[in-house]
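Fold and geometry: a report
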Amino acid sequence: MKTVLITGATSGIGNEFARRYAALGYRLIVTGRRTDRLEQLKAELQVPMDIYTYDLGKKKQCFELLEILKDENIDIFINNAGFGLAGAFLETDIDKEINMIKVNDLAMHILFKGILKKMHDAGHGQILNVASSAGLLPAGPYMATYYASKAYVTSLTRAVAMELKEMGSPVKVSALCPGPVDTEFNARADVVFALKGISVNQCVEEAIRGMEKGKLIIVPSFTMKLAAIFSHLVPYPILIKITGHQQKKKLG
C-alpha cells in the first residue's frame, strides 16, 4: 500500500487531498493543529491513517515531525500547510506576518528538504508544494507579505526541480498555484475574494491530474491559466497596480 503525507489536513485543500487519496487506496499520514478534526477525518474515512498534531509555525516541531517520519516510506508528500494575511503593510500585525512566514516558508522549506532527501535516497517519490497564483506575480500590494511568501515557494520549487533533473533523480516536484479557492482561507486572512473562487474539489482534481502528467507549475482553472499568461504580457509596474487594485477590493 502506498503512503501519502499531507500537512494542513484539517480543512480546505489539505482535507480534500486526504479524501482523494483515501479513495485511491493510499495509507495516510496527516498533520494539523486541531486534533479533533484529524480524529474526525480518520473516523470518517476509515482507512489506515496516522495523525500527528503539530504547529508548523514552530521550527522545533517541524524537525520533530521529520524525526517521527524517519523510518516511513513516503510515496507522495502534499506540502500544504499555510495561511494568508491582508491589509496595508503599515497596518498589518508584525507577529501575524512573522508567523505566516514561518508556516508558509520556513516550515515548507524544512519539510520539503527533509522529505526530499528521504525520497531521493529511496529512489522514488513525488512532492507537491502548495503555493498560490500569488507566487507567480511580481508583487501583491495589500497582501504584500503573503505574495512574497508564495513567491518563495514557487521559486524554490522551480530551482530544486532543475537540480533534480540535472542529477537524474527519480523524485518529481511540483508547485500548485491556484487562484481563489472556496476554503477557510479567506476567513483566516480576513478578506473577501474579489474573484469567484473555484471549488476545493476542482482544485485538488486538477492538482492530482497535473502531478500525474509531471507538470512543474500547476494552475487550476481555465480562468487562472489565462490570467497567468496575461501576467507575462503586462509590464511589471502596470501589473502590480492592477494586482493592488484587486487586493484592495478584498478588504471590504
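First, a word on scope: everything that follows refers to the structure included in this document. (Residues numbered from 1 in each chain as written. Predicted model: local features only at pLDDT ≥ 70, side-chain atom pairs only at ≥ 80, totals over all residues. Heavy atoms only, no water.)

**A closer look at the overall build of the protein**
Per the secondary structure count, the protein includes nine helices and seven strands. At 18 Å, the protein has a C-alpha radius of gyration in line with the 18 Å of a compact globule built from 252 residues. Its C-alpha atoms give the protein principal-axis dimensions of about 50 × 40 × 30 Å. Out of the 252 residues in the protein, the part that is buried amounts to 51%. Restricting the contact set of the protein to residue pairs at least 6 apart, pairs at least 24 apart contribute 65%. Entry remark: accessible area of the protein is about 12500 Å², with carbon and sulfur atoms responsible for 56%. A gap of 5 Å separates the mean positions of the 31 positive and 25 negative side-chain charges of the protein. (Helix = DSSP H or I, 4+ residues; strand = E, 2+ residues; numbered from the N terminus. Rg over C-alpha atoms; globule rule 2.2 N^0.38 Å. Buried < 20%, exposed > 50% of the residue type's maximum accessible area, 1.4 Å probe, protein only. Contact = heavy atoms within 4.5 Å. Areas by Shrake-Rupley, 256 points an atom, 1.4 Å probe, with all protein chains shown as cover. Lys, Arg positive; Asp, Glu negative; His and termini not counted. Charge placed at Lys NZ, Arg CZ, Asp CG, Glu CD.)

**Here we look at the pairing of strand β3 (residues 49-53)**
Summarising the sheet, strand β2 (residues 27-32) and β3 pair through five bridges and their orientation is parallel. Its bridge partner being in β3, V30 is matched across the sheet by I51. Regarding the hand of the β-α-β motif, the stretch spanning β2, helix α2 (residues 35-45) and β3 is right-handed. (Pairing = 2+ DSSP bridges. Right-handed = clockwise from strand over helix to strand, strands pointing away.)

**Description of the nonpolar core**
It is characteristic of soluble globular proteins that their nonpolar side chains tend to be buried jointly. One finds L56, F112, I115, L116 and I127 to be the most contacted residues of the largest nonpolar core, which totals 41 residues. The set of elements that each furnish at least two residues to this core consists of α3 (59-68), α4 (94-122), α5 (144-166) and β6 (172-176). Ranked by residues supplied to this core, first place goes to α4 with ten residues. Among the nonpolar cores identified, the runner-up in size contains 30 residues, and V4, I13, Y21 and M211 belong to it. (Core = buried A, V, L, I, M, F, W, Y, C linked by side-chain atoms within 4.5 Å.)

**Description of the pattern of salt bridges**
One pass over the structure, following the stated rule, counts six salt bridges. For R20, the salt bridge is made with E16, and the minimal N-O distance between the two is 2.9 Å. Of this pair, R20 and E16 both sit in helix α1 (residues 12-23), four residues apart, which is roughly one turn of the helix. On the basis of relative accessibility, which here comes to 23%, the residue R20 falls in the partly exposed class. A residue is classified by how much of its surface remains accessible, and E16, at 9% relative accessible area, is buried. (Salt bridge = Lys/Arg side-chain N within 4 Å of Asp/Glu carboxyl O.)

**What to know about the packing of aromatic side chains**
Counted by the stated rule, this structure contains three aromatic pairs. Here the aromatic rings of Y21 and Y26 are separated by 5.0 Å at their centres, their planes lie at 70°, and the arrangement is edge-to-face. By relative accessible area, Y26 is classed as buried at 14%. Aromatic side chains Y146 and Y147 sit 6.3 Å apart centroid to centroid with 75° between the ring planes, which places their arrangement in the edge-to-face category. There is no split in this pair, since Y146 and Y147 are both buried. Here a set of aromatic residues connected by ring pairs shows up, and it is made of F17, Y21 and Y26. (Phe/Tyr/Trp six-rings, centres within 6.5 Å; stacked < 30°, edge-to-face > 60°.)

**Points about the state of the cysteines**
On inspection of all chains with the given rule, the structure shows zero disulfides. C177 forms no disulfide, and the closest cysteine sulfur to it belongs to C203, at a distance of 10 Å. (Disulfide = S-S within 2.5 Å.)

**Structural notes on the side chain of K150**
On the secondary structure map, K150 appears in helix α5. Nearest to the buried, unbridged K150 among oppositely charged side chains is D105, at 6.7 Å. Apart from the residues within four sequence positions on either side, K150 is in contact with N104, V130, A131, S132 and G135.

**Here we look at the sheet that holds strand β5 (residues 126-130)**
Here we have seven strands laid out as an open sheet, ordered β3-β2-β1-β4-β5-β6-β7, and parallel in their pairing. Two strands in the sheet have a free side with no partner beyond their single neighbour: β3 and β7 (217-218). Two elements, strand β4 (residues 76-79) and β5, share four bridges in a ladder whose sense is parallel. Note that in β5 the partner of N79 across the bridge is N129. Across the sheet, α5 lies against β5, β6 and β7, angled at about 160° from β6, the strand it touches most. (Axes fitted to C-alpha atoms, helices over the stretch in contact; angles between N-to-C directions.)

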